[in-house]
Amino acid sequence: MNIDAYSPQVIIGGCVVVLFAVVVIAWGIARQRQRRRTEELRRRFGAEYDYALRRYRSRGRAEAALGARLRRMEQHTVRPLTSAEDNRFLSEWDGIQARFVEHPRGAVTEADELINNLLQARGYPGTRFEQRADDLSVTHPRFVDPYRRAYDIMARAGKNEATTEELRTAMILYRALFDELTESKTVEIRHAEAA
């Protein structure tokens with residue numbers, strides 16, 4: 001047995017190699033977890049994931065913000081509407097839609113207010129638009145981009161900067177979100193079923 005084989009340099013060298021191997025393995029595991037987390041968030045949030053990347057300009061900050069949204073919404077109960085609430089909201093929507101022909105700007109503003117009231121009735125906690133959109137992204141990620149586009153048109157309409165065609169688009173976008181949140185059918189389908 002060679003005594004030099006167990007010299008302090010050999011022992012230290014062996015420890016360094018083992019420590020390096022442990023660091024490389026831990027780094028690989030952490031990267032794999034991060035990739036799974038990214039894939040999970042992309043799948044869950046869809047296009048909203050990309051919006052968060054643009055908004056926060058960093059994958060780490062975007063994913064942290066999306067994770068915070070999930071945790072925030074875990075603290076709140078989003079509930080379905082009662083039958084009476086559903087009927088009231090449907091009736092209000094029908095009135096807004098009827099007013100669109102004569103007063104498109106006012107109808108779009110009313111549609112935005114109705115969506116806000118609907119979100120509040122369902123239990124969404126946000127009071128500012130951006131918070132409502134963030135909260136909505138947790139439960140209805142496909143509808144957040146249309147909601148943002150409709151809101152943008154509504155805000156421009158308030159400054160008299162939106163065309164009638166843009167206002168029509170906003171109404172269509174609000175209607176899609178309204179149908180999703182009320183889990184209802186379009187007016188045409190409801191009238192056909194009633195007949």
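Residues numbered from 1 in each chain as written. Predicted model: local features only at pLDDT ≥ 70, side-chain atom pairs only at ≥ 80, totals over all residues. Heavy atoms only, no water.

1. A closer look at the overall build of the protein
Stated precisely, the cut-off is as follows: Numbering goes from the N terminus for both helices and strands, where a helix is a DSSP run of H or I of at least four residues and a strand is a run of E of at least two. We compute the radius of gyration from the C-alpha atoms alone; for a globule the expected value is 2.2 Å times N to the 0.38, where N is the number of residues. Classification of residues uses two cut-offs on accessible area relative to the type maximum, computed with a 1.4 Å probe and protein chains only: under 20% is buried, over 50% is exposed, and between them is partly exposed.
Helix and strand content of the protein: nine helices and zero strands. For the protein, the sequential pattern of α-helices and β-strands runs α-α-α-α-α-α-α-α-α. For 195 residues, the compact-globule estimate of 2.2 N^0.38 gives 16 Å, and the C-alpha radius of gyration of the protein, at 26 Å, exceeds that figure by more than 25%. In terms of overall dimensions, the protein has a C-alpha envelope of 100 × 40 × 30 Å along the principal axes. Taken over 195 residues, the protein has a buried fraction of 36%.

2. So, the side chain of serine 137
The criterion, for reference: We call two N or O atoms a polar contact when they sit within 3.5 Å, provided that within protein one can donate a hydrogen and the other can accept it, with sequence-adjacent residues counted only if both atoms are side-chain atoms. Contact criterion: two residues are considered in contact whenever any of their non-hydrogen atoms come within 4.5 Å of each other.
With respect to the helices and strands, the residue serine 137 is situated in helix H6 (residues 129–139). A distance of 2.8 Å separates the side chain of serine 137 from the side chain of arginine 69, its partner in a polar contact. With sequence-adjacent residues up to four places away left out, serine 137 is seen in contact with Phe45, Glu48, Arg69 and Val144.

3. Things to note about the confidence of the model for the protein
Put simply, the rule is: Here pLDDT means the predictor's own confidence in every residue, given as a number from 0 to 100.
On average, residues of the protein score 87 in pLDDT, and 90% of them reach the 70 mark or higher. Low pLDDT (under 50) marks residues 186–193, which in the prediction has ten contacts with non-local residues, meaning those over four places away or in another chain.

4. Section: the packing of helix H4 (residues 83–99) against helix H5 (residues 104–122)
Where we set the bar: Axes, fitted as lines to C-alpha atoms, cover a helix only where it is in contact. Angles between the N-to-C directions of the axes lie from 0 to 180 degrees. Here the word oblique covers every angle except those under 35 degrees (roughly parallel), over 145 (roughly antiparallel) and from 65 to 115 (roughly perpendicular). Take the far helix as your reference; a near helix turned counterclockwise from it by less than a right angle gives a left-handed crossing, and one turned clockwise gives a right-handed crossing. Three classes are used, and their members are as follows: Ala, Val, Leu, Ile, Met, Phe, Trp, Tyr, Cys and Pro are nonpolar, Asp, Glu, Lys and Arg are charged, and the others, Gly among them, are polar.
Contact pair H4 / H5: the axes reach a minimum separation of 8 Å and the direction vectors enclose 165 degrees. One finds that H4 runs roughly antiparallel with respect to H5. For the pair H4 and H5, the sense of crossing is left-handed. Counted together, Glu85, Phe89, Glu92, Trp93, Ile96 and Arg99 of H4 and Pro104, Ala107, Glu110, Ala111, Leu114, Asn117, Leu118 and Ala121 of H5 form the full contact between these two elements. Of the residues contributing to the contact of H4 with H5, the split by class is nine nonpolar, one polar and four charged.

5. Looking at helix H2 (residues 47–56)
Spelled out, the test is: The directions from the helix axis to the C-beta atoms form the arc being described.
Where H2 is concerned, the buried positions are Glu48, Tyr49 and Ala52. Burial along H2 is one-sided: seen end-on, the buried residues are contained in an arc of 105 degrees. Relative to its buried face, H2 has exposed residues pointing more than 90 degrees away, namely Ala47 and Arg54. Positioned one or two residues after H2, arginine 57 has a phi angle of 60 degrees, which is positive.

6. Comments concerning the nonpolar core
To keep it simple, the criterion reads: Buried Ala, Val, Leu, Ile, Met, Phe, Trp, Tyr and Cys residues that are joined via side-chain atoms within 4.5 Å together make up what is termed a nonpolar core.
Membership of the largest hydrophobic core comes to 43 residues, with the highest contact counts inside it found for Val108, Leu136, Tyr147, Tyr174 and Phe178. Among the secondary structure elements, those contributing two or more residues to this core are helix H1 (8–45), H2, helix H3 (59–74), H4, H5, H6, helix H7 (144–158) and helix H8 (164–182). The residues touching tyrosine 174, leaving out its near neighbours within four places in the chain, are Trp93, Val108, Ala111, Asp112, Ile115, Tyr147, Ala150, Tyr151 and Met154.

7. Regarding unusual backbone geometry
Here the phi dihedral of arginine 57 falls at roughly 60 degrees; this positive angle occurs in a residue that is not glycine. Turning to its location among the elements, arginine 57 is positioned in the loop between H2 and H3. Notably, asparagine 160 is not glycine yet its phi reads approximately 65 degrees, a positive angle. Topologically, asparagine 160 is positioned in the loop between H7 and H8.

8. Thoughts on H4
What counts here: Here the expected length of a helix is defined as 1.5 Å per residue gap, with one fewer gap than residues.
With 17 residues, H4 extends 25 Å between its outermost C-alpha atoms, agreeing within 8% with the 24 Å of an ideal straight helix rising 1.5 Å per residue. All of the buried residues in H4 are Glu85, Asp86, Phe89, Leu90, Trp93 and Ile96. Down the axis of H4, the buried side of the element spans an arc of 130 degrees, and every buried residue falls inside it. Seen from the buried face of H4, the exposed residues on the opposite side, beyond 90 degrees, are Ser83, Ala84 and Ala98.

9. Details of the packing of H5 against H7
One can describe the packing of H5 onto H7 by two numbers: an axis separation of 9 Å at closest approach and a directional angle of 135 degrees. Considering the angle they form, H5 stands oblique to H7. For the crossing formed where H5 meets H7, the hand is left-handed. For the pair H5 and H7, contact is made by Arg105, Val108, Thr109, Asp112, Ile115, Asn116 and Leu119 and by Tyr147, Tyr151, Met154 and Ala157, respectively.

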